Each structure stands twice: as structure tokens, then as C-alpha cells.
Amino acid sequence: MEIDPGDLLLFARIVECGSFSLAAERVQLPKSTVSRRITLLEGKLGERLLQRTTRKLVLTEFGASLLEHARKVADETEAAGALAQHRQGAPSGLLRVSMPADFANVSMSTVLAEFMNRYPAISLELDLSPRRVDLVAEGFDLAIRMGSLPDDTTLAARRVTLSRIALYASPIYTAMRGLPEHPDDLFKHDLLSLPPRLNGLIRWMLLRGKTEWERELPVRLLANSPEMLVRMAATGVGIAASTEVFAQQYLQTGELVRVLPEWAFPTVTGWAVFPGRRLMPAKTRVFLDMLEQNFAPRS
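Residues numbered from 1 in each chain as written. Predicted model: local features only at pLDDT ≥ 70, side-chain atom pairs only at ≥ 80, totals over all residues. Heavy atoms only, no water.

Engineer: Any details on the packing of aromatic side chains? Residues and values, ideally.
Structural biologist: Per the stated rule, a full pass over the model turns up four aromatic pairs. For the pair Phe115 and Phe287, a centre-to-centre distance of 5.0 Å together with 90° between the ring planes defines the contact as edge-to-face. One end of the pair, Phe115, is in helix 5 (residues 101-118); the other, Phe287, is in helix 10 (residues 282-295), with 172 residues separating them in the sequence. The exposure class assigned to Phe115 is buried, which follows from its relative accessible area of 1%. Grouping aromatic residues by their ring pairs yields a cluster made of Phe115, Tyr119 and Phe287. Its guanidinium or amino end placed over the ring of Phe140, Arg96 lies 4.1 Å from that ring's centre, counting from NZ or CZ. (Phe/Tyr/Trp six-rings, centres within 6.5 Å; stacked < 30°, edge-to-face > 60°. Helix = DSSP H or I, 4+ residues; strand = E, 2+ residues; numbered from the N terminus. Buried < 20%, exposed > 50% of the residue type's maximum accessible area, 1.4 Å probe, protein only. Lys NZ or Arg CZ within 6 Å of the ring centre and 35° of its normal.)

Shown next as C-alpha cells:
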């Protein structure tokens with residue numbers, strides 16, 4: 001029995017994407033063609049690979065067994081494409097990157113401009129939405145993510161930056177409400193924080209040397225934007241927990257002051273996350289190299 005490797009590749013893409021529609025977009029074929037080829041593959045094999053329902057696709061037992069072989073075909077196909085791109089005279093093609101909007105605006109504008117000037121054959125598509133994209137299913141080459149990463153065997157990651165989070169308030173606010181002298185005093189203040197919030201409270205951990213302070217605190221403003229938090233703090237509405245890079249310009253103008261300067265939050269790691277291919281495409285490799293060069297610790 002001869003099986004078309006292209007049909008196995010389609011099967012692997014459908015499972016990765018979780019739907020025929022997304023898989024069709026990924027491989028740039030009509031949905032009807034993808035569906036017909038899988039139906040023909042099932043007929044040739046004599047067994048169903050997928051149970052189709054109105055809400056989701058479910059692998060059959062036989063489909064789960066065949067998936068391992070289909071994924072090998074997909075891996076080999078990607079490796080061949082990456083090898084071909086490596087052999088080109090210069091990195092080229094469309095590079096799709098997802099990253100937090102605040103990070104892009106404050107830390108990445110210069111890096112992106114330098115990258116575009118250095119690699120004119122690469123086009124960039126940036127997703128700056130707060131959602132966590134599915135790199136494999138949605139066809140992204142790389143994402144920048146902050147904090148801990150979930151286990152995912154389809155992805156690889158490299159650390160590119162470390163962020164220090166501290167507490168900031170405006171002189172207007174401290175003149176009215178005073179400065180906390182110890183973390184316990186934070187219960188008396190209006191707090192501006194990043195998520196998550198549980199039951200109306202946030203959990204902050206502050207460190208001073210080897211001393212650790214951790215409590216659940218009421219929050220006045222919750223936002224998933226560090227830049228928005230420091231902007232709000234600068235207006236005098238409360239004490240913000242935010243990263244140093246966003247607070248820096250306000251500290252220089254005197255619009256913000258550091259609160260509890262001997263205390264800080266645990267350092268947050270910024271990761272470059274990308275599909276775990278055996279051979280990385282040249283366009284992704286040079287972008288990752290530039291990230292590591294620009295955010296490497298300065299001696």
C-alpha cells in the first residue's frame with residue numbers, strides 16, 4: 001500500500017490546528033480539498049482517523065497511532081524547508097512575531113528598526129494583542145512571553161531579558177497619603193497591579209535580601225499593561241507595581257518616586273518562544289540573535 005506523504009502531512013496539520021478550516025489556511029488549500037483528501041486517506045487505510053463533531057475533532061485509536069508517523073513527515077518537511085532557506089544568500093521571507101504591546105512600544109522600536117534595515121529581504125508581521133497565540137496552529141515564527149512558561153513539547157525557548165518589578169508612586173500621592181515604611185503598610189494604600197486577581201485580592205511577594213514578605217492585598221486598579229500602571233501612578237491615584245523600564249522616564253522627570261526602595265518583586269524573565277524545529281529558519285535565527293545581542297546584560 002502506497003500512502004501519499006502529503007496526506008500524512010495534512011493529517012498532522014489538522015491535529016495541530018484542531019480544525020479543518022485552520023489547517024486549510026495553514027497549508028493554503030481549500031477546506032473542501034483538505035477534507036476530501038483525508039476522507040480518501042481513511043478509505044485507503046480502511047479505518048477512520050478522526051471523529052468529527054460540531055464542536056471539535058477527536059482522534060480515533062488508529063488515528064492516534066498513525067499521528068506519530070504523520071508528525072515525522074511534518075518534521076522532515078519543515079526541516080527541508082528550513083535547510084533550503086539557510087542556503088539562500090540572505091535571510092528572507094515573512095517573519096510573524098507576537099509580543100506584548102507595552103514591551104514592543106518601549107523596548108523594541110529601535111531593535112525592530114535596526115532589524116529591518118539590516119535584513120531588507122525580511123518582512124515583519126507583528127501581533128501586539130494581549131492574547132497568547134498558538135504559534136504552531138496560527139503559523140507564528142516566534143513570540144516574546146514574560147514569566148513562567150507552561151510545558152509544551154512542540155515549543156523551544158531562550159531567555160532574552162530580565163525585568164525588575166518595584167513599587168512607584170507620585171509625589172502628589174505620597175504628600176496626601178504618606179510613604180509606607182514597611183510592606184505591611186501597603187494595606188492602607190490604593191494599589192495598582194498586574195493580574196491575576198483572585199476573590200478581589202492580589203498576592204504580592206516582596207524581597208529584601210534574604211527576607212521574604214508575601215501577602216494577599218486589596219487592589220484598586222488591575223491592568224495587564226505595565227505602562228498603563230505607571231501612567232496612572234503618575235497622576236496620583238495610587239502605588240503601582242511595574243517594571244523599571246516603564247517607570248524610568250517618570251523617575252527622571254520627578255513624576256514618580258520609588259516606594260519601599262529596599263524591597264522588590266522577584267525578577268521576571270522574558271522568553272523568546274519558537275516552534276521546536278530541528279533546523280531553525282534563517283529569518284527566525286537572525287531575529288533571535290538580534291534579541292539576544294540587544295538585551296544581553298551590560299558589563
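The structure having been displayed, the exposition proceeds.
Engineer: Run through the sheet that holds strand 14 (residues 268-275), naming residues and quoting values.
Structural biologist: Strand pairing in a sheet takes place through backbone hydrogen bonds and is either antiparallel or parallel in direction. Taken together, the five strands give an open sheet; going across it, the order is 4-3-5-14-6, and neighbouring strands pair in mixed fashion. A single partner strand is all that each edge strand has here, and the edge strands are strand 4 (122-127) and strand 6 (155-163). Put simply, the sheet's adjacent strands are angled 20° from each other on average, direction ignored. Bridge count for strand 5 (residues 142-146) against strand 14 is four bridges, and the pairing is antiparallel. Along strand 14, the bridge assignment pairs Arg145 with Trp271. Packed onto the sheet, helix 5 meets strand 3 (93-98), strand 4, strand 5 and strand 6 and runs at close to 170° relative to strand 4. Each of strand 3, strand 4, strand 5, strand 6 and strand 14 is contacted by helix 10, which is oriented at about 25° to strand 6, the strand it contacts most. (Pairing = 2+ DSSP bridges. Axes fitted to C-alpha atoms, helices over the stretch in contact; angles between N-to-C directions. Contact = heavy atoms within 4.5 Å.)

Engineer: Explain the sheet that holds strand 13 (residues 257-259) residue by residue, including any values.
Structural biologist: Pairing in this open sheet of five strands is mixed, and the strands run 11-8-12-7-13 from one edge to the other. Each edge of the open sheet carries a strand with a single partner, namely strand 11 (221-222) and strand 13. With four bridges joining them, strand 7 (residues 165-169) and strand 12 (residues 239-243) adopt antiparallel strand pairing. Looking at the pairing, Ile165 lines up with Thr243 of strand 12. Across the sheet, helix 8 (residues 226-234) lies against strand 7, strand 8 (191-193), strand 11 and strand 12, angled at about 145° from strand 12, the strand it touches most. Each of strand 7, strand 12 and strand 13 is contacted by helix 9 (residues 244-253), which is oriented at about 120° to strand 12, the strand it contacts most.

Engineer: How would you explain the packing of helix 1 (residues 5-17) against helix 2 (residues 20-27) if you had to name every residue and give the values?
Structural biologist: Taken N-terminus to C-terminus, the directions of helix 1 and helix 2 make an angle of 120°; their axes are 8 Å apart at the nearest point. In terms of axis orientation, helix 1 runs oblique to helix 2. Between helix 1 and helix 2 the crossing geometry is right-handed. Across from Leu10, Arg13, Ile14, Glu16 and Cys17 in helix 1, the residues of helix 2 making contact are Phe20, Leu22, Ala23, Arg26 and Val27. Of the residues that constitute the contact of helix 1 with helix 2, the class distribution is seven nonpolar, no polar and three charged. (Parallel < 35°, antiparallel > 145°, perpendicular 65-115°, else oblique. Left-handed = near helix turned anticlockwise from the far one by under 90°. Nonpolar A, V, L, I, M, F, W, Y, C, P; charged D, E, K, R; others polar.)

Engineer: Describe the pattern of salt bridges, with residues and values.
Structural biologist: Tallying each qualifying case throughout the model produces 19 salt bridges. Asp127 is the partner of Arg131 in a salt bridge, and the nearest nitrogen-oxygen pair spans 3.5 Å. On the basis of relative accessible area, Arg131 is assigned to the partly exposed category, the value being 41%. Looking at Asp127, the relative accessible area reads 15%, which means it is buried. Notably, a salt bridge pairs Glu292 with Arg158, separated by 3.5 Å at the nearest N-O pair. Placement of Glu292 in helix 10 and of Arg158 in strand 6 is noted, with a sequence separation of 134 residues between them. We classify Glu292 as partly exposed; its relative accessible area is 28%. Judged by its relative accessible area of 33%, Arg158 is partly exposed. Linked through salt bridges whose partners overlap, the residues forming this network are Arg13, Glu16 and Arg26. (Salt bridge = Lys/Arg side-chain N within 4 Å of Asp/Glu carboxyl O.)

It is worth stressing that arrangement in space is one thing and function is another; only the former is reported here.
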